[in-house]
Amino acid sequence: MTAIAAPTRRPAGWTVVAGRELRDLWAGGRALTLTTVYSLFLSVVVYLLASSTNLNFLEQRESVTLTAQLAIAVGALLAMILAADAISGERERSTLEATLLSPVSRRALVVGKLAAAFSIWVAAWLIVIPYIWFLGRGVDIVWEAIACTFVVGTLLAAGLTAFAMLVSIAVDSNRASLSVSLLVLLALLAPTQLPSSAQSGWAGESLYRLNPVTAGEHYVGKLLTNGHGWTQDLDWLVSPMIAAVALLLLTAVMASSLTLTGWRER
């Protein structure tokens, strides 16, 4: 009797999309260009921080903290840029129709594109590791800073990338998608520029806690600069966690409504 061969298992649709998008982003040069600019930016910042040869113990910890916070903010920004272009960019380039005709569901298509955009955050985290080591050697917080940057950065990058993807699904203009995404990120970062007097009290603290970006950055500061334990200020990560989960779930739900035009023209 002839043995019946077991059917080969096809890869999940979103992994196929993610693989294709990763090749386009990295082999195509867009992601490499962004990470190169990011590396140059970090190099300038770290050079300025390390140029003082008289850094004391606290100043060295603050330098590591600032580097970690900048890496998180800029890394999330890069992921947002790629996600904001994922759908609306294809609309403008008139390639979305062919993409929608591919044999994968709309949800798999969006999830794959989201995963590819998120990859630049992983690259940004890997790039910042030697910078953190250079600034943090001698103060015994290198591995703690690397781990903290990954945890907080992953939460913020996931939430912000999902938000940018939602905007990209909703609008038909790539310029509008990028503008809205960047405007929201700037609005979330704006409270960090408030004077210290405005950041104190219940109102200032509530604003910081509810804002996932400022809450995450605050947690990094408490852990690295103040030397707090991982669980001591864990409540500051509540809003980043909620934002990441809620936005990722909303993106997965709204992916099924993806069409050739934005929501405004339906």
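Before any of the text, the structure's been laid out above.
Residues numbered from 1 in each chain as written. Predicted model: local features only at pLDDT ≥ 70, side-chain atom pairs only at ≥ 80, totals over all residues. Heavy atoms only, no water.

### Brief notes about the side chain of T149
Put simply, the rule reads: Starting at the N terminus, helices and strands are each numbered in turn, a helix being any DSSP run of H or I of at least four residues and a strand any DSSP run of E of at least two. Nitrogen and oxygen atoms within 3.5 Å of one another constitute a polar contact, given that in protein one can donate a hydrogen and the other can accept it, and given that sequence-neighbouring residues count only through two side-chain atoms. By the convention used here, residues are in contact when the closest approach between their heavy atoms is within 4.5 Å.
Residue position: T149 is located in helix α7 (residues 142-170). Only 2.7 Å separates the side chain of T149 from the backbone oxygen of A145, close enough to count as a polar contact. The residues touching T149, leaving out its near neighbours within four places in the chain, are A68, I72, W121, W125, V128, I132 and T154.

### So, the packing of aromatic side chains
The following threshold applies: Think of it this way: a Phe, Tyr or Trp ring, Trp meaning its six-membered ring, pairs with another when their centres are within 6.5 Å, and the plane angle makes it stacked under 30 degrees, edge-to-face over 60, tilted otherwise. Working definition: with a 1.4 Å probe on protein chains only, accessible area under 20% of the residue-type maximum means buried, over 50% means exposed, and in between means partly exposed. Sitting over a ring, as applied to charges here, requires NZ of Lys or CZ of Arg to be within 6 Å of the ring centre and within 35 degrees of the ring normal.
Inspection of the entire model under this criterion finds 1 aromatic pair. Ring centres of W125 and F150 lie 4.8 Å apart, and the angle between their planes is 55°; on these two criteria the pair is classed as tilted. Here the residue W125 occupies a position in helix α6 (residues 106-136), and F150 occupies one in helix α7, the gap between them amounting to 25 residues. With relative accessibility at 17%, the residue W125 sits in the buried group. Overall, the relative accessible area of 34% leaves F150 in the partly exposed class. Taking the ring centre of F134 as reference, the NZ or CZ of R137 above it sits at 4.4 Å. Above the face of the W236 ring, R209 is positioned so that its terminal group lies 4.2 Å from the ring centre.

### A word on the layout of surface pockets
Where empty space is left in the structure can be found by rolling a water-sized probe over the atoms. Stated formally: Buriedness for pockets is judged along seven lines, at least five of which must meet protein on both sides within 12 Å for an open set on the 1 Å grid over protein atoms alone, while cavities are sets there where a 1.4 Å probe fits but cannot get out, and lining residues have an atom within 4 Å of a point. Grid points are joined across faces, edges and corners, and a volume is the space filled by probe spheres set on the points. The nonpolar class holds Ala, Val, Leu, Ile, Met, Phe, Trp, Tyr, Cys and Pro. Asp, Glu, Lys and Arg form the charged class, and all remaining residues, Gly among them, are polar.
Quantified by volume, the largest pocket comes out at close to 470 Å³. Looking at the largest pocket, it is lined by 22 residues, and the ones nearest its centre are Q69, T192, Y208, E217 and H218. Secondary-structure elements contributing two or more residues to the lining of the largest pocket are α3 (57-86), α9 (196-199), α10 (201-210) and α11 (212-224). At 6 residues, the largest contribution of residues to the lining of the largest pocket is made by α3. Its residues placed into classes, the lining of the largest pocket shows 8 nonpolar, 10 polar and 4 charged. A volume near 170 Å³ is recorded for the second largest pocket. Contributing to the lining of the second largest pocket are 15 residues, with E21, R30, E90, R93 and K113 lying nearest its centre. Elements supplying a minimum of two residues to the lining of the second largest pocket: α1 (13-27), α3 and α6. For the lining of the second largest pocket, the leading source of residues is α3, giving 4 residues. Its residues assigned to classes, the lining of the second largest pocket comprises 6 nonpolar, 2 polar and 7 charged.

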